[in-house]
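# Chain and residue survey
Read off the chains here:
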Amino acid sequence: MNKRTFLKTSSLLLTGSMLSNFISCKKAEARTNWAGNLTYGTDNLHIPKTVAELQEAIKSCKKVRALGTKHCFNKIADSTENQISTAEFNKIISLDKAKNTVTVEAGIKYGELCKYLDDNGYALNNLASLPHISVAGACATSTHGSGIKNGSLATAVSAMELVNGKGEVVNLSREKDGDEFLTAMVGLGAIGIVTKMTLDLQPTFKMKQVVYQNLPMAELEKNFEAIMSGGYSVSLFTDWTHKNVSEVWIKSKAEDMKEIAPEYFGAKLATKNLHPIEALDPINCTDQMGVEGPWYERMPHFKMGFTPSSGKELQSEYFVAFEHAYEGFMEIEKLHEKVSPHLMITEVRAIAADDLFMSPFYKKTCVAFHFTWKQEIPEVMQLLPLVEEALAPFNPRPHWGKLFTLKSAVLQSRIEKLPEFKTLMAKHDPDGKFRNEFIEMNLFVAS
């Protein structure tokens, strides 16, 4: 296994060639997502640099999908006709110190934003494990970090601007637009193409990170919530062998980690930095061992300044209500003989409830079971239904940007506010420009 197999990012987006005064578009060789498991269905990639250019691009296309940093493993961003890249929408627009907010263009990556915020005395409430994803793409798919009191990345957004299917510029805010904002926030690229977002900030802070090894699974039965509440952000890593959790990553505000205990629910404090996959080199992982550092250099698992190499992997992730965390964990454990041979690692995290209509965390705090698979596509696609069946008693929801095989009717039945979302789609995209195979199959097919 390549030592950086677990760390990947998007390849450079095509620079394009000018076909008109307003659209940068290039015919190119087949393009793939970041992991290389998906070849996009079109070579028509538009790369607008301004909102006006984006409006013209949308108006000129019969069908089109937004493309961010290409970190999705399924066809959510795919199109058989046109894609519009947000790569050129990558600037910080303004910092409002009176309101404690920052407004950024949609395509900016978290790794490009965080140091600026810290330098100005601010922090975000949460980050994903990789800092190389775009703000709008992460929010549109309800991407998250960990922390039983921390919402998904989308919960930090208080306002956004998008261009809808009619080419209109639409501004929505949590304060002024109520349910319409809450419906559009996790928009799956189906309401419009986001151009900018305003994020709520908090004062900057220092963090420390420690890792414990070999937590017995038996400890989870009575202590799951306590284990997941032991820091600002907690992640459990397991390959489902030996009936243990191989690593527990705990990230805490420095002021809350005065002392470092030698044990954590039977797990032993690590004596060196570790990669989530213990056999791999931790050189690109964020610093551990209780060393104090800025929030943005501890909250992700991997360093901001490091651009991960390309490689092969597959990812899937399922969310169940936190009250079923232990039961769900043990149901997956029953599959260990089938799962482990095809798995790199599983990460278990917690995400706080939110009020965003298409979020998997709508009105319920969840536990996330994240699988990083070897890129053995036939075998993995046969395993996913087994995992989904194991979790079925707990009504799991999948991550919008990762692999899943849930039947459309089952998924739709678990989305309480789906009718409201479809109504908003019809309002802002009456001709269905943003409806692709993924949207049709998962939100409209009735089987």
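The structure under discussion appears in the preceding block.
These lines cover the structure that appears in this document, whether it is placed above or below. (Residues numbered from 1 in each chain as written. Predicted model: local features only at pLDDT ≥ 70, side-chain atom pairs only at ≥ 80, totals over all residues. Heavy atoms only, no water.)

Strand-to-strand pairing in sheets goes through backbone hydrogen bonds, with the strands running parallel or antiparallel. Taken in spatial order, the five strands of this open sheet run β6-β7-β11-β9-β10, and their pairing is antiparallel. Among the strands making up the open sheet, the edge pair consists of β6 (92–96) and β10 (169–173). On average, each strand axis in the sheet is tilted by 15° relative to the strand beside it, whichever way the strands run. Relative to strand β11 (residues 192–200), strand β7 (residues 101–105) runs antiparallel, the two sharing five bridges. In the strand pairing of β11, T103 is matched with T198. Its contacts with the sheet place helix α1 (residues 51–60) against β9 (157–164), β10 and β11, and it is angled at close to 50° to β9. (Pairing = 2+ DSSP bridges. Helix = DSSP H or I, 4+ residues; strand = E, 2+ residues; numbered from the N terminus. Axes fitted to C-alpha atoms, helices over the stretch in contact; angles between N-to-C directions. Contact = heavy atoms within 4.5 Å.)

It is worth spelling out the environment of K208 at this point. Relative to the assigned elements, K208 resides in strand β13 (residues 206–216). From its side chain, K208 meets the backbone oxygen of M257 in a polar contact 3.4 Å long. (Polar contact = N/O pair within 3.5 Å; in protein donor to acceptor, adjacent residues only side chain to side chain.)

In this structure, K243 is a non-glycine residue whose phi angle is positive, near 50°. Tracing the backbone shows K243 in the loop between β14 (233–238) and β15 (244–253). Even without being a glycine, K363 presents a positive backbone phi close to 65°. Within the secondary structure layout, K363 lies in the loop between β20 (343–351) and β21 (366–373).

Turning to the side chain of H370, a few remarks are in order. Its place among the elements puts H370 in strand β21. Look at H370 and you get buried, because its relative accessible area is 6%. At 3.0 Å, the side chain of H370 and the side chain of Q315 are in polar contact. Discounting chain neighbours no more than four positions away, the residues touching H370 are Q315, S316, E317, I345, T346, E347, R349 and K402. (Buried < 20%, exposed > 50% of the residue type's maximum accessible area, 1.4 Å probe, protein only.)

So, about the environment of I345. Turning to its location among the elements, I345 is positioned in strand β20. Residue I345 is classed as buried on the basis of its relative accessible area of 4%. Remark: the alpha-carbon pair of I345 and T372, spanning 27 residues in sequence, is separated by 5.4 Å.

This part takes up the packing of helix α10 (residues 418–428) against helix α11 (residues 437–444). α11 packs onto α10 with a crossing angle of 140° between their chain directions and a minimal axis gap of 12 Å. When the axes of α10 and α11 are compared, the pair comes out oblique. Here the hand of the crossing between α10 and α11 comes out left-handed. Here L418, F421, K422 and M425 of α10 lie close against α11, whose contacting residues are I439, L443 and F444. Residues belonging to the contact of α10 with α11 are distributed by class as follows: six nonpolar, no polar and one charged. (Parallel < 35°, antiparallel > 145°, perpendicular 65-115°, else oblique. Left-handed = near helix turned anticlockwise from the far one by under 90°. Nonpolar A, V, L, I, M, F, W, Y, C, P; charged D, E, K, R; others polar.)

Keep in mind these values describe shape, not function.
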